[in-house]
Every structure is written in C-alpha cells, then in structure tokens.
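# Structural overview
Now for the letters of each chain:
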Amino acid sequence: MADAQWWRTAAIYQIYIRSFADGDGDGIGDIAGIRSRLGYLAQLGVDAIWITPWYASPNNDGGYDVRDYRAIDPTYGDLREAELLIGEAHQHGLRVILDIVPNHTSTDHPWFQAALVSPPGSPERARYHFVDGRGPGGELPPNDWRSTFGGSAWQRVTEADGEPGQWYLHLFDPTQADLNWSDPEVHREFLDILRFWFDRGVDGFRIDVATGLVKHPGYPDLGYREEDLLVLTNVPDHPHRDRDGVHAIYRDWRTLAGEYDPPRIFVAEAWVADSERLARYVAPGQLHTTFNFPFLQSAWDAGELSSVIESTLHAMSRVGAPPTWVLSNHDVERTVTRYGRADTRKQPGRSGHELGPVDIELGRRRARAAILLMLALPGVAYLYQGEELGLPDHMDIPVDRIQDPIWTRSGGRRRGRDGCRVPLPWTLDPKGAGFGSADPWLPQPHGWETHSVQSQLDDPTSMYHLVARALRIRRNLGAAPELEWVVRSDSVLHFRRGPALECIVNFGATEVPVPAGAVPLLRSDTIDATPDPLGPDTAAWLRPRG
Ligand code: NOJ
C-alpha cells in the first residue's frame, strides 16, 4: 500500500451498496455485507473499491440525496462500522473511495429546512438557488431548465405567510436541491466534509455531477428541451454544465488532498463529450482522474472504440493524467444487455424493452471480449459490481416495485436504472441467491442464482475466472509501455504494450488468426490460452514474440 501513484494504474470496483451484500437480512445491502466480502474482492484482484453514497439520506435517489454528509444511514450501519470497514479494506490491500455529492443536498438536509423557513434574500436561502418566478404573480418557473429525471428543474415553495413564493432549482429530483457554489459557506462546508472522511483514512472521492456545480448567475433560458439523463455535454457556455468556474473549486480540493500522506485522490463524474474539455478537469493542480464516458457510450464497433481510445490517450497525455476506462455503472444498462442489441450504443435515458430485442448470448460474448479490451488499455479501469459475473439487466421488474425516481418523474414513460441495480447473486440458493435476504429491495429475475459467484467459481470458463485471470496479468504489467497499434481496421483492433502484452479483438464476422510465435495468455471465449484463430466478437491476450 506504499505506492502513492497507485491511482494511475488501478482496477477499481464500484460497490452499489444497496445491492452488493446484505449483512443483517433486511433486504438492503449494507456495510456489514461489504465487510464480509472483502476477501472476495481481494481475491478477484481489484486494487480499490468505490462505495456509492452511504450517508444519512431519505433515499429518494439511491442515496444521492444526502441529509447528513458526516453520518452513515442507519440502513447501512454506523460510523464506527464505516471506520472498521476502511481499516479492514486496507488490510486486504484495497483502497477505499467514497462518493461525494456536492451539486445538491436532500431537501431534508438542515440547510434546506432552514432555507424553507427563512425569507427571500436571507443567508439561508443563499446556499441554494431560490429565485422569483416569471409572470405577473411569479407563477411560472424562472426559466426553461429541465430536470434530468424529467419535468421542470424548478419547484415552487410556500412562504411563511402561506402564499406561494420563490422557486428552488433541482437539476435532478425535487427532493435534491441544487447548492449555490457562489456562496463561500458552501465551499467551506465541503472542504470540511472532505477532511472529515480523509481523516478517517478514506483514500479518495468520486465527485458526483462534477461538471454541474456552477450555474450562470443570470439563470438564462437554455432555449431547448434537455431531458435526457446523463448526456454528454458539448454546448459552449451551457448555463449549468461544464462552466469554467468549477475548476477553481477543484484546485482547492486538490490542495487539500495533497496535504495528506499519502495524498488523497479524486475521480470526476464528468459527462463531457469533448476530450479536450474533459482534460481541463485533470490539468495540473486539479483533479487526478475523470471518468471516460465516451468509452462507455460507444457502440461495439472497432472504429468508434479506437477513435475514443486515441482521443483519450492524446488528451490525457497532454495534461499528464492517466487515461481511465469504464463500460458499466449504476446509471446505465449492463454491457451484456446493451451489446446484445442491434444498436449497441448507450441510449441516453432509455433502457429495457423499449430499445428492442436483446440477444443475450451475443451480448455476453461481446461483454467478455470488451472486458479484455478494457483491461489491456493503459491507465485506470473501473468495474461495476456484477460485471465480473456477466450479469444482464433485469428488464421485467414489475412496475409496482420500480424505485428509480425517473419512473414517476417521467409519468411512467421511462423505467429508469433499476435494471442494472438488482441485488447481486452470491450463491445457488433460488431464494435471494445468497444476497442476504430472501426478499431483496429490488426483485431478482428468475434463475438469478445461476449467475452467482458460487456457480461461477465452479466453472473454469466463467466470466468470473476470465476477469480474475485478466486482473492478475494486468497487475503484473505495472506501468507497461503505452499502447502501440498493430492493426486498427473496421473489424480488428490489435495493439501492443511493449514486450508485456498484446491484445487482439475481432469485431468482424470472419475468423482472425493469432500471430504465430506470440505466447497465448488468455482468451475471452474458452479462457484457455490456445493459439486457435479468433471467432467473431472474441478477444485474446498474448505475450509478444521476444
Ligand atoms: C449521478 C449519479 O451517478 C446518479 O445515480 C444520480 O442520480 C445523479 N448523479 C444525481 O446525484
């Protein structure tokens, strides 16, 4: 654990706490569940875990609606258990990254509650975006901004005199009020929250909605309807995304992280389309890393993926930041499902049956090849829990069990993200699949236990063994040389990392021979290191000829 540069090459495993493992049998994942599975994660071979928000929260948006940033939600445990977990993870050689939510608080947060009972213009209201409405009686929202979950981004409040009053901004759910980062108290508070967790040994933070903190002070109309969840922004002077002012905040955060030994790290959730704009978040003196959503967004297509790889490598090397790679998270369809469709691009805000039929076997074959592609690339790789099991999305959650606020905000038009958040299958028990409770908070699909860790440990060709072997080889690569293309065509991506590794992915319909003389290490179909030609949607790792 001594290497202060660990974050430049790490494999980081995302834990969506509600669905990872349930230690107390209440149907909801928790800290006890994570603690009981640290051995599993260490054995899988990841270097760090990122835990989605575990703070006190009414949980209207999976914990991204925080009531108290210094307390653990009782559903998950308490502060003492959190501290134990951090220590135990370190003993297992795993770093711990938490999720900080600085764009908004829950409307249950004491600051927002104080703002509600304070008059317009008060310091309490200045911490949020309270604005007068348009129209003669202020009855219209201040502008045309939309919530990413659907509907207007403004909600009107009732003032102390019982009359309808100002409006507050919520770019997500109405129970998630956007903070006003032009208020110095907001800055101070978040530096203090970061310190609180850094002092407890946390190694870093993922920054939620990292591009969104600064809003145009005049709240101008956007001029068009922007209603998709988590889209890649590429609009100059957008009034609430990727504004220049956010960078000053991150310079202060970097300074704070650098005061610790070893220095703490950040990864930005930045849905920015242009890799040069993205690189600004990781320029010297700012954040360490940022997610690479153009990679996650790409179709299963050699041309599209290789141009994202190239532009990422170029943009990140210019600022000295490591590239990062991600295919899956708790907001998007799992690759097994997405890659099984005719259109394999991520569809903003849409999921499930509305996107057409899925060939799961095709999706699984591609997801296995994709993970070898991702893990062969230089830099940091993110794995989302269950990705190592090749889980598909649950596309048939009964509507009365849907939890994602997108469902209600869209008037039942969009099912949202629950399909990729189903509690993990650990064992062959047909009731609850060993998650910890027979009745998990989100229903598991029929036969979920067949994907379980237990069944995959027993199957030498399973996705689990593929990922574990790839992680082991990858770890030994260390800072292997940068990527050098051997073939970059419409149907084949083939690159070398110096003498350490060669990766070939066949995107085409015909077989591709494996280079003679190279030593086969791993392949996505059989796992076994055979020199046979690669079939469609298959990848292989080799050690180049000496
Ligand atoms: C991004 C998170 O990943 C997502 O789950 C959440 O709904 C929004 N930010 C709002 O916090």
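Residues numbered from 1 in each chain as written. Predicted model: local features only at pLDDT ≥ 70, side-chain atom pairs only at ≥ 80, totals over all residues. Heavy atoms only, no water.

This brings us to the pairing of strand S17 (residues 492-497). Here S17 lies mainly inside the structure; 5 of its 6 residues are buried. The loop that links strand S16 (residues 484-488) with its antiparallel partner S17 comprises 3 residues. When S17 meets strand S18 (residues 501-506), the two strands line up antiparallel, connected through 6 bridges. Bridged to Phe495 within S18 is Cys503. The antiparallel hairpin formed by S17 and S18 contains 3 residues in its connecting segment, where Gly498 sits at a positive phi of about 60°. (Buried < 20%, exposed > 50% of the residue type's maximum accessible area, 1.4 Å probe, protein only. Helix = DSSP H or I, 4+ residues; strand = E, 2+ residues; numbered from the N terminus. Pairing = 2+ DSSP bridges.)

Right, let's get into the pattern of salt bridges. Enumeration over the complete set of coordinates arrives at 32 salt bridges. Arg70 is the partner of Glu189 in a salt bridge, and the nearest nitrogen-oxygen pair spans 3.1 Å. With Glu189 in helix H7 (residues 184-198) and Arg70 in strand S4 (residues 68-72), this pair connects stretches of sequence that are 119 residues apart. A salt bridge links Arg523 to Asp525; the shortest N-O distance between them is 2.8 Å. A relative accessible area of 3% places Arg523 in the buried class. Bridged by salt links that share partners, the residues Asp61, Asp331, Asp404, Arg417 and Arg421 form one connected network. (Salt bridge = Lys/Arg side-chain N within 4 Å of Asp/Glu carboxyl O.)

Now for the sheet that holds S18. What holds strands together in a sheet is hydrogen bonding between their backbones, with the strands either parallel or antiparallel. Taken together, the 5 strands give an open sheet; going across it, the order is S16-S17-S18-S20-S19, and neighbouring strands pair in antiparallel fashion. Because the sheet does not close on itself, it has two edges, and the strands there are S16 and strand S19 (519-523). Neighbour-to-neighbour, the strand axes of this sheet turn through a mean angle of 20°, independent of strand direction. Contacts between helix H11 (residues 302-319) and the sheet are confined to S16 and S17, with S16 contributing the most and set at about 165° to the helix. (Axes fitted to C-alpha atoms, helices over the stretch in contact; angles between N-to-C directions. Contact = heavy atoms within 4.5 Å.)

Quick look at the packing of aromatic side chains now. The way to describe two aromatic rings as a pair is by their centre distance and the angle between their planes. The final tally for this structure, using the stated rule, is 34 aromatic pairs. Summarising the aromatic geometry, the rings of Tyr55 and Tyr69 are spaced 6.0 Å apart at their centres and angled 45° between planes, so their arrangement reads as tilted. Here the residue Tyr55 occupies a position in strand S3 (residues 55-56), and Tyr69 occupies one in strand S4, the gap between them amounting to 14 residues. Each of the two residues, Tyr55 as well as Tyr69, counts as buried. The ring of Trp441 is capped by Arg18, whose NZ or CZ atom sits 4.8 Å from the centre of that ring. (Phe/Tyr/Trp six-rings, centres within 6.5 Å; stacked < 30°, edge-to-face > 60°. Lys NZ or Arg CZ within 6 Å of the ring centre and 35° of its normal.)

Surrounding the ligand, one finds 14 residues, the nearest of these being Asp61, Asp208, His330, Asp331 and Arg417. His330 places a polar side-chain atom, nitrogen or oxygen, 2.8 Å from an oxygen atom of the ligand. Within the side chain of Asp331, one N or O atom sits 2.4 Å away from an oxygen atom of the ligand. Alone, the ligand offers 300 Å² of accessible surface; in the complex the protein occludes 100% of this. Classifying every residue of the shell around the ligand by side-chain character gives 4 nonpolar, 3 polar and 7 charged. (Near = heavy atom within 4 Å. Polar contact = N/O pair within 3.5 Å; in protein donor to acceptor, adjacent residues only side chain to side chain. Areas by Shrake-Rupley, 256 points an atom, 1.4 Å probe, with all protein chains shown as cover. Nonpolar A, V, L, I, M, F, W, Y, C, P; charged D, E, K, R; others polar.)

The next point concerns the nonpolar core. In a soluble, globular protein the nonpolar side chains are often hidden away together inside. The biggest cluster of nonpolar side chains holds 152 residues, and the ones touching the most others in it are Tyr13, Trp54 and Trp253. With 9 residues, helix H13 (residues 360-376) is the largest single contributor of residues to this core. Look past the residues within four positions of Trp54 in its chain and what remains in contact with it is Ile17, Ile31, Ala71, Ile72, Asp73, Tyr76, Ala82, Leu85, Leu98 and Trp197. (Core = buried A, V, L, I, M, F, W, Y, C linked by side-chain atoms within 4.5 Å.)

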